[in-house]
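The primary structure of each chain is shown beneath.
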Amino acid sequence: MSRHGYKSVWNELAETEERAKLHVGGSSDEAHLLATAYDTERTLEATVGIHLDDVILEIGCGVGRVGAVLAPLCRQWIGCDVSRRMLQYTAERLAGCPNVRLIELSGFDLKPVEDASVDVVYCTVVFMHLDEWDRFSYALEAHRTLRPGGRVYVDNFNLCSDEGWKVFEQHRAIPPNDRPPHISKSSTPQEIETYLRRAGFRSIQLQESGPWIRGWGVK
C-alpha cells in the first residue's frame, strides 16, 4: 500500500473505532482525546480566532475529536476526511450538533466545498501524513474556499527542533521496507511559510513550540 493512497490507507487504519482513535489522537482513551481537543481549540483561539458566526472547516477531521469542541462555538462546522469510516465515527460523535456538515474527500483537494464559502480552514496533525505536494495543494484549496479575510491554520512536527529531530531519527531507524505508509514526515518553518505565501495568504505568522511548527495567515 503506497503512502499517497490516502483513502485506502486511512480506511484500513479506521477499521474499528478504537483503532481509528489511536491513529488520529495517539490514544483510544476518551479523556485524552478530549484534553487534546481542548488544547487545539485554545491554539485556534490564540491564532486565527473562533467566532460564533464563523463557518469553520477542518481538513482531516478523523473521528471528530476537535469538531466536538468547536461545533458549539461557531455557525457551522464542516468536517472533511478521506476516510468514509472516519466520517461515520465523526457523525456518531457529533450526532447532537445540528450545525455539522461532513464531506468525504478524494485525498488531494476540497472540490466538494464551494469557493469563498468558509471563514476558517484548519488542518492539525495531518500534514505529517501527506506528501509535500499534497500539503501545498490543501493550502491552495484553503485559499480558494475561504472568503476574503478568512483565516487558515496548519501545523506539523518541526524537523529543526530537538524534539522533532528525535522523532525523525526514530523513524529513520525503521528499515525502509517496514515503514508504514502513514509514517509521520516532518516540516521546517520555511516549508510551512512557503506553502502559505505561495498559496496567496498574507499576514503569515509562524510559531515554533517544542516539537511543533504552527503557521497561520489571512486571505
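Our structure's up above, just so we're on the same page.
Overview of the structure. This one's a predicted model, so the numbers in the text were calculated from it and none came from an experiment.

### Considerations on helix α8 (residues 189–199)
At step 1: Turning to α8, its buried residues number three or more, namely Pro189, Glu191, Ile192, Tyr195, Leu196 and Ala199.
At step 2: Buried-residue contacts for α8 involve α6 (132–145), β5 (146–157), β6 (202–209) and β7 (212–218).
At step 3: A positive phi of about 110° marks glycine 200, the residue just after α8.

### Details of the packing of helix α2 (residues 17–25) against helix α5 (residues 84–93)
At step 1: Interhelical geometry of α2 versus α5 gives an angle of 95° and a closest axis separation of 10 Å. Viewed along their axes, α2 and α5 adopt a mutual orientation that is roughly perpendicular. Contacts between α2 and α5 involve Glu17, Ala20, Lys21 and Val24 on the former and, on the latter, Met86, Tyr89, Glu92 and Arg93.

### Considerations on the packing of aromatic side chains
At step 1: A full pass over the atoms with the stated rule returns four aromatic pairs.
At step 2: For the pair phenylalanine 127 and tyrosine 195, a centre-to-centre distance of 6.4 Å together with 75° between the ring planes defines the contact as edge-to-face. Of this pair, phenylalanine 127 sits in the loop between β4 (118–123) and α6 while tyrosine 195 sits in helix α8; the two residues are 68 residues apart in sequence, bridging distant segments of the chain. The residues phenylalanine 127 and tyrosine 195 share a single accessibility class, namely buried.
At step 3: Ring centres of tryptophan 165 and phenylalanine 168 lie 4.7 Å apart, and the angle between their planes is 25°; this geometry places the pair in the stacked category. With a gap of three residues between them, tryptophan 165 and phenylalanine 168 both fall in helix α7 (residues 162–172), about one helical turn apart.
At step 4: The exposure class of tryptophan 165 is partly exposed, given its relative accessible area of 42%.
At step 5: Aromatic rings pair up to connect Phe127, Phe136 and Tyr195 into one cluster.

Conventions we followed
- Residues numbered from 1 in each chain as written.
- Predicted model: local features only at pLDDT ≥ 70, side-chain atom pairs only at ≥ 80, totals over all residues.
- Heavy atoms only, no water.
- Buried < 20%, exposed > 50% of the residue type's maximum accessible area, 1.4 Å probe, protein only.
- Helix = DSSP H or I, 4+ residues; strand = E, 2+ residues; numbered from the N terminus.
- Contact = heavy atoms within 4.5 Å.
- Axes fitted to C-alpha atoms, helices over the stretch in contact; angles between N-to-C directions.
- Parallel < 35°, antiparallel > 145°, perpendicular 65-115°, else oblique.
- Phe/Tyr/Trp six-rings, centres within 6.5 Å; stacked < 30°, edge-to-face > 60°.

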